[in-house]
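One letter stands for each residue in the lines below.
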Amino acid sequence: GSGLLSILGAYRGHGPILAMDIDQHAIDSTRENAEVNGFQDQIETRLGDVIVEPLPESDLVVANIERKLIEMLLQREGLPNRIIVSGLRIEDTVDHHGWTLVTQHVLDGWRSALLVR
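The present account deals with the structure reproduced in this document. (Residues numbered from 1 in each chain as written. Predicted model: local features only at pLDDT ≥ 70, side-chain atom pairs only at ≥ 80, totals over all residues. Heavy atoms only, no water.)

1. Overview of a nonpolar patch on the surface
Okay, step 1: On the surface, Leu4, Leu5, Leu8, Tyr11, Val62 and Ile84 cluster together into a nonpolar patch covering about 540 Å² of accessible area.
Okay, step 2: Ranked by residue count, the leading element in the nonpolar patch is helix 1 (residues 4-11), at 4 residues.
Okay, step 3: Position of isoleucine 84 relative to the elements: it lies in strand 4 (residues 82-89). (Patch = residues over 30% accessible without salt bridge, like charges linked within 9 Å, V, L, I, M, F, W, Y side chains within 5 Å. Areas by Shrake-Rupley, 256 points an atom, 1.4 Å probe, with all protein chains shown as cover. Salt bridge = Lys/Arg side-chain N within 4 Å of Asp/Glu carboxyl O. Helix = DSSP H or I, 4+ residues; strand = E, 2+ residues; numbered from the N terminus.)

The following block contains the structure:
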């Protein structure tokens, strides 16, 4: 979308950060917002699909995508042992595929969760 999760990660001291999206408009918005917030050197943007594209080695993945895509992502090889997912409606059930739900937060009918392997 707008790069909000990447910018928040940079504000919290995480980096380097790779922001991926399948929509070029989202990539352009992320790049612009990273620059406005002074994080253009810490946030790399890339047009791509996190479900199938090669991902860099990292210690954390954050994904704001719908439930079915989260389930597909959790089946990928090479993910770090921690992932934060959001974009879940409160009623969505997620097949964790061997991941353990550590904590979750609910706000206005939407849910985010920290999963570990």
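2. As for the side chain of serine 86
Okay, step 1: Relative to the helices and strands, serine 86 is located in strand 4.
Okay, step 2: Given a relative accessible area of 16%, serine 86 falls into the buried group.
Okay, step 3: With residues near it in sequence (within four places) discarded, serine 86 still touches Leu5, Ala63, Asn64, Ile65, Ile70, Arg111 and Ser112. (Buried < 20%, exposed > 50% of the residue type's maximum accessible area, 1.4 Å probe, protein only. Contact = heavy atoms within 4.5 Å.)

3. With respect to the sheet that holds strand 6 (residues 110-116)
Okay, step 1: With mixed pairing, 4 strands are arranged side by side in an open sheet as 3-4-6-5. Both outer strands of the open sheet, strand 3 (61-64) and strand 5 (100-107), are each paired with one neighbouring strand and no more. Averaged over all adjacent pairs, the angle separating strand axes in this sheet is 15°, with direction ignored.
Okay, step 2: Bridge analysis of strand 5 against strand 6 gives 7 bridges, and the strand direction is antiparallel. In the sheet register, leucine 101 faces strand 6, and the bridge partner there is leucine 115.
Okay, step 3: Against the sheet, helix 3 (residues 67-74) engages strand 3, strand 4 and strand 6, with an angle of about 160° to strand 4. (Pairing = 2+ DSSP bridges. Axes fitted to C-alpha atoms, helices over the stretch in contact; angles between N-to-C directions.)

4. Structural notes on the nonpolar core
Buried together is how nonpolar side chains tend to be arranged in soluble globular proteins.
Okay, step 1: Within the largest apolar cluster, 15 residues are counted, with the highest numbers of intra-cluster contacts made by Ile70, Leu73, Leu74, Ile83, Val85, Trp99 and Leu115.
Okay, step 2: Broken down by secondary-structure element, the contributors of at least two residues to this core are strand 3, helix 3, strand 4 and strand 6.
Okay, step 3: With sequence-adjacent residues up to four places away left out, isoleucine 83 is seen in contact with Leu60, Val61, Leu73, Leu74, Trp99, Ala113, Leu114 and Leu115.
Okay, step 4: With 7 residues, the next largest nonpolar core counts Ile7, Ala10, Phe39 and Ile43 among its residues. (Core = buried A, V, L, I, M, F, W, Y, C linked by side-chain atoms within 4.5 Å.)

5. Let's talk about unusual backbone geometry
Okay, step 1: Of the consecutive residues glycine 15 and proline 16, the connecting peptide bond is found in the cis state with omega at 0°.
Okay, step 2: When you line up the elements, proline 16 lands in the loop between helix 1 and strand 1 (17-21).
Okay, step 3: Positive phi, close to 50°, is recorded for histidine 97, a residue that is not glycine.

6. Some words on helix 2 (residues 24-36)
Think of an α-helix as turning once every 3.6 residues; residues three or four places apart then point the same way.
Okay, step 1: Taking 1.5 Å per residue, 13 residues should reach 18 Å; helix 2 reaches 18 Å between its end C-alpha atoms and fits that length.
Okay, step 2: All of the buried residues along helix 2 are Ala26, Ile27, Thr30 and Ala34. Down the axis, helix 2 shows its buried residues gathered within 100° of arc, on one side only. Residues His25, Glu32, Glu35 and Val36 are exposed on helix 2 and point more than 90 degrees away from its buried face.
Okay, step 3: Buried-residue contacts for helix 2 involve helix 1, strand 1 and strand 2 (43-47).
Okay, step 4: Structurally, the start of helix 2 carries an N-cap: the backbone nitrogen of histidine 25 is 2.7 Å from a side-chain oxygen of aspartate 23.
Okay, step 5: Residue glycine 38 follows helix 2 closely and has a positive phi angle near 80°. (Expected span 1.5 Å × (residues − 1). Arc of directions from axis to C-beta. Polar contact = N/O pair within 3.5 Å; in protein donor to acceptor, adjacent residues only side chain to side chain.)

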